Amino acid sequence: MRTIIILILYVIIAILSIPAYLVEGVIRLIHPKTAAKIAQVIVRVVFRIVMFVSGCRKTIKGVENIPAGTPVMYAANHRSFYDIILAYATVPNQTAFISKMEIKKMPCVAQWMYFLNCLFMDRSDVKQNLNIILQAVDLVKNGYSIYIAPEGTRNATDTLLKFKEGSMKIATKGKCPIIPVCVHGTEEIFENQLPWIHKGKIRIEYGEPIYPEKLDKETQKHLGAYVRDIISDMYEKGLTDF
């Protein structure tokens, strides 16, 4: 039943979004940042409704660790499509996600991601990946936070994959802090129940900010591994509360 309701909700939102695209498009021409702010408010409300209908019992920790008034790079483990829904419903600042190229083909979702300045990465194209990282750096310099999953793909095991070191350049070149993000349980809502959506507990925790420039040079060389270890530790500790 939840799956059917979500599908109906998706169709309704897609229809209602058509006139909203026109308004957003006009505002974006005049003031892109205002358009992004409006889009994020809309997406946040919709995603909270999606989680409610899906039966998600969410726990949110550590939002107070996110510095106010400054862009950050969120580095998160990635377990499910619902990670994005949970994160966008909870991040307090203007944020653009880096997503896989396949999401760009999803009607309605892709269009709202465009208004949010999200970037789409083709994992098979190294040159394109570098270009996306540089675009993300530009967004940070223009005041937008970036949310990225450095594992590079969904991973619902209890062991994090190796983090892509190149993703850390968003923080080092953008001169912004890294917020480690740890997600639990989102795969049990959908991916592990395909094709149905099941209710369940989900958890997201925002860790203390990491300032790359304050780390010793050796740690800076392996920043991805350093951040991965922190999130891995958050994951293990979070299991006791989950």
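Residues numbered from 1 in each chain as written. Predicted model: local features only at pLDDT ≥ 70, side-chain atom pairs only at ≥ 80, totals over all residues. Heavy atoms only, no water.

Engineer: For this particular structure, what's the right way to read the sheet that holds strand S3 (residues 95-100)?
Structural biologist: Pairing between the strands of a sheet is mediated by backbone hydrogen bonds and can be parallel or antiparallel. Taken in spatial order, the 7 strands line up as S1-S7-S6-S2-S5-S3-S4 in an open sheet, and their pairing is mixed. Lying at the two open borders of the sheet, with one neighbouring strand each, are strand S1 (56-61) and strand S4 (119-121). Across the sheet, the mean angle from the axis of one strand to that of its neighbour is 20°, orientation sign disregarded. Note: S3 against S4, 3 bridges, orientation parallel. When the bridges of S4 are listed, Ser-99 appears paired with Phe-120. (Pairing = 2+ DSSP bridges. Helix = DSSP H or I, 4+ residues; strand = E, 2+ residues; numbered from the N terminus. Axes fitted to C-alpha atoms, helices over the stretch in contact; angles between N-to-C directions.)

Engineer: Would you take a moment to explain the packing of helix H1 (residues 2-30) against helix H2 (residues 32-54) for this structure?
Structural biologist: In a pair of packed helices, the angle between the axes and the distance between the axes together describe the arrangement. Taken N-terminus to C-terminus, the directions of H1 and H2 make an angle of 175°; their axes are 10 Å apart at the nearest point. Classified by the angle between their axes, H1 and H2 sit roughly antiparallel to one another. Residue-level inspection shows Arg-2, Ile-5, Ile-6, Leu-9, Ile-13, Glu-24, Ile-27, Arg-28 and Ile-30 of H1 in contact with H2, the latter providing Pro-32, Thr-34, Ala-35, Ile-38, Ala-39, Val-46, Ile-49, Val-50, Val-53 and Ser-54. When its residues are assigned to classes, the contact of H1 with H2 shows 14 nonpolar, 2 polar and 3 charged. (Parallel < 35°, antiparallel > 145°, perpendicular 65-115°, else oblique. Contact = heavy atoms within 4.5 Å. Nonpolar A, V, L, I, M, F, W, Y, C, P; charged D, E, K, R; others polar.)

Engineer: Is there a simple way to think about helix H5 (residues 126-141) in this case?
Structural biologist: Since there are 3.6 residues in each turn of an α-helix, residues three or four apart along the chain are aligned in direction. In a regular helix each residue adds 1.5 Å, so 16 residues correspond to 22 Å; H5 covers 23 Å between its end C-alpha atoms and thus fits that length. For H5, every residue scored as buried is listed here: Gln-128, Asn-129, Ile-132, Ile-133, Ala-136, Val-137, Leu-139 and Val-140. On the buried face of H5, the contacting elements are S3, S4, strand S5 (145-148) and helix H6 (169-174). The backbone nitrogen of Lys-127 lies 3.1 Å from a side-chain oxygen of the residue at the head of H5, namely Asp-125. Remark: Gly-143 follows H5 within two positions and exhibits a positive phi of approximately 100°. (Expected span 1.5 Å × (residues − 1). Buried < 20%, exposed > 50% of the residue type's maximum accessible area, 1.4 Å probe, protein only. Polar contact = N/O pair within 3.5 Å; in protein donor to acceptor, adjacent residues only side chain to side chain.)

Engineer: Even after reading the chapter, I still don't get a nonpolar patch on the surface, so can you show me in this structure?
Structural biologist: A cluster of nonpolar residues, Met-1, Ile-4, Ile-5, Ile-8, Ile-12 and Leu-16, forms a patch on the protein surface that exposes about 620 Å² of accessible area. Inspection of the secondary structure assignment puts Ile-8 in helix H1. Here Ile-8 falls in the partly exposed class, since its relative accessible area comes to 47%. (Patch = residues over 30% accessible without salt bridge, like charges linked within 9 Å, V, L, I, M, F, W, Y side chains within 5 Å. Areas by Shrake-Rupley, 256 points an atom, 1.4 Å probe, with all protein chains shown as cover. Salt bridge = Lys/Arg side-chain N within 4 Å of Asp/Glu carboxyl O.)

Engineer: Just to check I follow, could you spell out the pattern of salt bridges for this structure?
Structural biologist: Any two side chains of opposite charge can pair if their charged atoms end up close together. According to the stated counting rule, one finds 5 salt bridges in the structure shown. Linking Arg-203 and Glu-205 is a salt bridge whose minimum nitrogen-to-oxygen distance equals 3.2 Å. The same class applies to Arg-203 and to Glu-205, which are both buried. The partner of Asp-233 in a salt bridge is Lys-237, and the shortest N-O contact between them spans 3.2 Å. Linking Asp-233 with Lys-237, this pair stays in helix H8 (residues 223-239), spanning 4 residues, or about one helical turn. Of the residues examined, Asp-233 reaches a relative accessible area of 39% and is grouped as partly exposed. Residue Lys-237 is classed as exposed on the basis of its relative accessible area of 55%.

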